[in-house]
Amino acid sequence: AGDLARQFFQEGWYPCGSKGCGEPMNPSGTLIKALLANGAQPLNGVEVGGTSTLISDQPIAPYDNNQNMGAANLLTSLPLPGSNDFSLFVQNDVTIGSGETKTYNFDVDKQKCSSDFSATLSWYDPPASNGCTKCLVNDLDLIVRNLDSSERFYSNGNSKRDSVNNLERIRISNTSFGDRYRVIVSSSMLGPGYSEQKFSLVVTGCFQSGDGDETSPPVSSEVYELVTTYSANRKQAGNMFAVKAKTEGVEVTSFAIHTQVSGRKVKLQIYTLNSSGGTNGNEDFLNDSTQWTMVTPSAGVEVDAMGFGSPTIIPVGSFVPVPIAKGVVQSFYITFVDEPEMLYKAVDNDFPTGSTYVEDDNIEITTGVGKGTNFGRNWQSRQMNGSVLYTVTTRGTTLKTTAKPSQSPTRSPTDRPTPSPTNIPTGRPISTPSVPTLPLFMELETTYSANRKQAGNMFDVFAKKTVDISSFKIHTLLTDTLPISIYTRDGSWENYDKDPSQWQLVATINAECKGYGEPTIVSSPLLTPTRITKGSTKAFYLTFEVPEMLYHYSTEHVTGTVFSEDSSLQILTGVGKAGLFGATYPTRQMNGALVYYVV
């Protein structure tokens, strides 16, 4: 079968099915593999070796270990007039770069055709390391989208992208005349040392146009931007919100977010809701990861964090564009992988969850919810900071907006951005916006210089203003996940350092330790904010079960003296602690930081 398929291309039978009707082609091995897999047919059953008797108690299904793609069949693989009725489109040994996406559009025409729509992607993956458990080095993905309904189809019978195989097939049997499909090949991850990967693609179905030409890649579109706001007064790991399409052909291609982190890369994950619908605050999907599809690589996409007041841009190509049909509402979830560093704005009174916050001629962005890490706790009426980047196309024609997205956050942002942007949109978020209003939350750092370690640290915090302590950053040599307990009490720790009855346990949570020189974040939905009223002192006790908390000993800052302060707080030098309320070691300065909100 493979030799006949190779002859089909070498003698110019492609694309019409008659010898010499096309240019001779030297097909790659990946093209022949994709062609045979694309037309392979399901088996009827599993036979007993050497006989025609089927094993009745062993069910089979497409893509299982008994048949995989099925049995090769050239009549369902190659177009031959008089023998079948489908069209064939191929891409032979095409190069795709890291983070790149290639797309191909097809219009279904079933007037003289009844075949299924089928697309298959194949590539030669580099050799993996010995003993690997997940052995794909260069991970490409195949997705098909219905441009009219926004329905997404994933390969090999999966409900999400395949990160295991280097042969991926999608078959759609219930196509209708006029359906529009986009076949998308994306480079989700290339292994170390690889900047590109060659692939072959085969598509068959009822998509031949009136003149018999093969389909072409879609016309490129300009990227438009709709800014929400860069005024922030809260932060957590992520934000859920919705986008509604007001016109046909909308595709969300990227986002810009807002974070205090700067000078390093951060990892973000982006999800889309499997069904259409917005966030009103009480949906069951808010905390149910099974109802969402991650469109970025599972490890997240690395982006350069630009810090407070500047857009942190998720580059176009980081995920496959998400189409939204006219009138459809699509929910998104953008989250830091393991850090509560997403800035957003609490807009409880003016824009409750689900209300339209900003819009232009093509889309609306609604107020959503703040999210703890990994589908954690919800905070209602939290407006995403940043922007949505999108294109608008219809059958190869780019529709330009009649409104202009906001050029940059204003120096004194209003409660709501300008609802009608004006004139020419930007092609990407601006890189140097003006400085927005200072947020109400802050971070007060002590030091990451360490020369001692034990299980925990006790220290006092004095409030110059009323604040809520929301999370902590600590320092440890460990790089494992380890439980840490947080205790507090009104007043100082002095005279109560060995008396657990005088302390309140705030929470015990699992901290993902980052090792020496890196902040380990202590944050969780279980960790409720601890309030310190203006002019009062509250003591904190953070402790591991093992002696792995790093801190600093210095005679320059003895116990009870102010080590670090800002306009709202003072952190005093405390004591090291062994065990749980065990031995006390004076003049030990907590390594890390307090994250807090001014009330």
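Keep in mind that this is a model prediction, so the values were computed, not measured. (Residues numbered from 1 in each chain as written. Predicted model: local features only at pLDDT ≥ 70, side-chain atom pairs only at ≥ 80, totals over all residues. Heavy atoms only, no water.)

Some thoughts on the pairing of strand β19 (residues 342-346)
Note the following rule: Residue exposure (1.4 Å probe, protein chains only): buried if accessible area is under 20% of the type maximum, exposed if over 50%, otherwise partly exposed. Runs of E in the DSSP output that reach at least two residues are strands. Runs of H or I that reach at least four are helices, and both are numbered from the N terminus. Only strands that DSSP links by at least two bridges are regarded as paired with each other.
Counting buried residues in β19 gives five out of five residues, a clear majority hidden from the surface. Across three bridges, strand β10 (residues 234-236) lies against β19 in antiparallel orientation. The residue of β19 that forms the bridge with Q236 is M342. Of the strand pairs in this sheet, β19 and strand β22 (residues 378-384) are connected by three bridges, and their pairing is antiparallel. By the bridge assignment, A346 is partnered in β22 with R382.

Comments concerning the nonpolar core
This is how the line gets drawn: Here, the term nonpolar core denotes a set of buried Ala, Val, Leu, Ile, Met, Phe, Trp, Tyr and Cys residues that are joined through side-chain atoms within 4.5 Å. Every residue pair with non-hydrogen atoms within 4.5 Å of one another is taken to be in contact.
Ranked by internal contacts, the top residues of the largest apolar core, which has 38 residues, are F9, F117, V144, V183, F199 and V203. What F9 contacts, discounting residues up to four positions off in sequence, is Y14, E23, P24, M25, P27, L31, I32, L35, L88 and V90.

What about the pattern of salt bridges?
For side chains bearing opposite charge, pairing can occur when the charged atoms are close. Let me state the cut-off plainly: The term salt bridge refers to a pairing of a side-chain nitrogen on Lys or Arg with a carboxyl oxygen on Asp or Glu at a separation within 4 Å.
Summed over all chains, the structure comprises 18 salt bridges. For K514, the salt bridge identified is with D338, shortest N-O distance 2.4 Å. Highlighted residues: K514 in the loop between β30 (504-512) and β31 (520-522) and D338 in the loop between β18 (329-336) and β19, separated in sequence by 176 residues. Among the residues examined, K514 registers a relative accessible area of 34% and is labelled partly exposed. A salt bridge links K473 to E341; the nearest nitrogen and oxygen atoms lie 3.2 Å apart. Of this pair, K473 sits in strand β28 (residues 467-474) while E341 sits in the loop between β18 and β19, placing them 132 residues apart in sequence. Each member of the pair, K473 as well as E341, is classed as buried.

Re the sheet that holds strand β6 (residues 167-172)
Stated precisely, the cut-off is as follows: Axis definition: a line fitted to C-alpha atoms, limited for helices to the stretch in contact. Angles are taken between N-to-C directions and run from 0 to 180 degrees.
Strand order across the open sheet formed by four strands is β1-β8-β3-β6, with antiparallel pairing between neighbours. A single partner strand is all that each edge strand has here, and the edge strands are β1 (87-97) and β6. Strand after strand, the sheet turns through a mean of 10° between neighbouring axes, direction not considered. Where strand β3 (residues 117-122) and β6 come together, six bridges link them in antiparallel fashion. Directly across from T120, in β6, lies its bridge partner R169. Each of β1, β3, β6 and β8 (196-205) is contacted by helix α2 (residues 29-39), which is oriented at about 35° to β8, the strand it contacts most.

Concerning α2
Counting buried residues in α2 gives nine out of eleven residues, a clear majority hidden from the surface. Among the residues of α2, T30, L31, I32, A34, L35, L36, A37, N38 and G39 are the ones counted as buried. Buried residues belonging to α2 abut α1 (2-10), β1, β3, β6 and β8.

Focus on unusual backbone geometry
For residues besides glycine, phi is generally negative; the peptide bonds are generally trans as well. The residue after Y14, namely P15, is reached through a cis peptide bond having omega 10°. Structurally, P15 is set in the loop between α1 and α2. Phi is positive for N495, which is not a glycine, with a value near 75°. As for its position among the elements, N495 is in the loop between β29 (481-490) and β30.

Focus on the confidence of the model for the chain
Selection rule: For every residue, the pLDDT score states the predictor's confidence, bounded by 0 at the bottom and 100 at the top.
Residue-level pLDDT values for the chain average 83, and 85% of them are 70 or greater. Residue range residues 209-221 is modelled with pLDDT below 50. Its contacts to residues more than four positions away, or to other chains, number 20 contacts. Segment residues 395-439: pLDDT under 50, and 113 contacts once partners within four positions in sequence are set aside and those in other chains are kept.

What to know about the environment of T584
We count it as follows: N or O atoms within 3.5 Å of each other form a polar contact, as long as, within protein, one can give a hydrogen and the other can take it, and as long as residues adjacent in sequence are counted only when both atoms are side-chain atoms.
Inspection of the secondary structure assignment puts T584 in strand β38 (residues 584-590). A relative accessible area of 25% places T584 in the partly exposed class. Measuring from C-alpha to C-alpha, the distance between T584 and N457 comes to 9.1 Å, with 127 residues separating the pair along the chain. Once residues lying within four places of it in the same chain are set aside, the contact partners of T584 are D497, K498, V575, G576 and K577. Within the structure, the side chain of T584 is placed 2.6 Å from the side chain of D497, a separation counted as a polar contact. Within the structure, T584 has its side chain in polar contact with the side chain of K577 (distance 2.8 Å).

Side note on the environment of K371
Relative to the elements of secondary structure, K371 occurs in strand β21 (residues 363-371). Relative accessible area serves as the criterion here: at 0%, K371 is assigned to the buried category. Between the alpha carbons of K371 and T335 there is a distance of 7.9 Å; along the sequence they are 36 residues apart. A polar contact is formed between the side chain of K371 and the backbone oxygen of G376, at a distance of 2.8 Å.

Looking at the environment of V185
Position of V185 among the secondary structure elements: in strand β7 (residues 180-189). When the C-alpha atoms of V185 and E100 are compared, they prove to be 8.6 Å apart, with 85 residues separating the residues in sequence. When sequence neighbours within four positions are dropped, the list of residues in contact with V185 reads I96, E100, T101, K102, L121, D141, L142, F199 and L201.

Describing the sheet that holds strand β2 (residues 101-107)
Pairing is antiparallel across the open sheet formed by four strands, whose spatial order is β2-β7-β4-β5. Two strands bound the open sheet, and with one partner strand each, they are β2 and β5 (152-154). For this sheet the average axis-to-axis angle between neighbouring strands, irrespective of direction, equals 25°. Strand direction decides the pairing type here: strand β4 (residues 139-146) and β7, joined by eight bridges, are antiparallel. Bridged to D141 within β7 is S186.

Overview of the packing of α1 against α2
Quick reminder of the rule: Note that the term roughly parallel is reserved for angles under 35 degrees, roughly antiparallel for angles over 145, roughly perpendicular for angles of 65 to 115, and oblique for everything else. Each crossing is labelled by how the near helix is turned from the far one, with a counterclockwise turn of less than a right angle marking it left-handed and a clockwise turn marking it right-handed. Residues are grouped as follows: Ala, Val, Leu, Ile, Met, Phe, Trp, Tyr, Cys and Pro are nonpolar; Asp, Glu, Lys and Arg are charged; all remaining types, including Gly, are polar.
Packing of α1 against α2 brings their axes to within 10 Å, and their N-to-C directions diverge by 115°. Taken together, the axes of α1 and α2 are roughly perpendicular relative to one another. Note on packing geometry: the crossing formed by α1 with α2 is right-handed. Counted together, G2, A5, R6 and F9 of α1 and G29, L31, I32, L35 and L36 of α2 form the full contact between these two elements. Broken down by class, the residue content of the contact of α1 with α2 amounts to six nonpolar, two polar and one charged.

Notes on the pairing of strand β12 (residues 250-257)
Along β12, eight of the eight residues are buried, which leaves the element largely enclosed by surrounding structure. When β12 meets strand β17 (residues 322-324), the two strands line up antiparallel, connected through three bridges. When the sheet's bridge partners are listed, V250 is paired in β17 with I324. Both β12 and strand β16 (residues 312-314) contribute to a ladder of three bridges, which runs antiparallel. Looking at the pairing, F255 lines up with I314 of β16.

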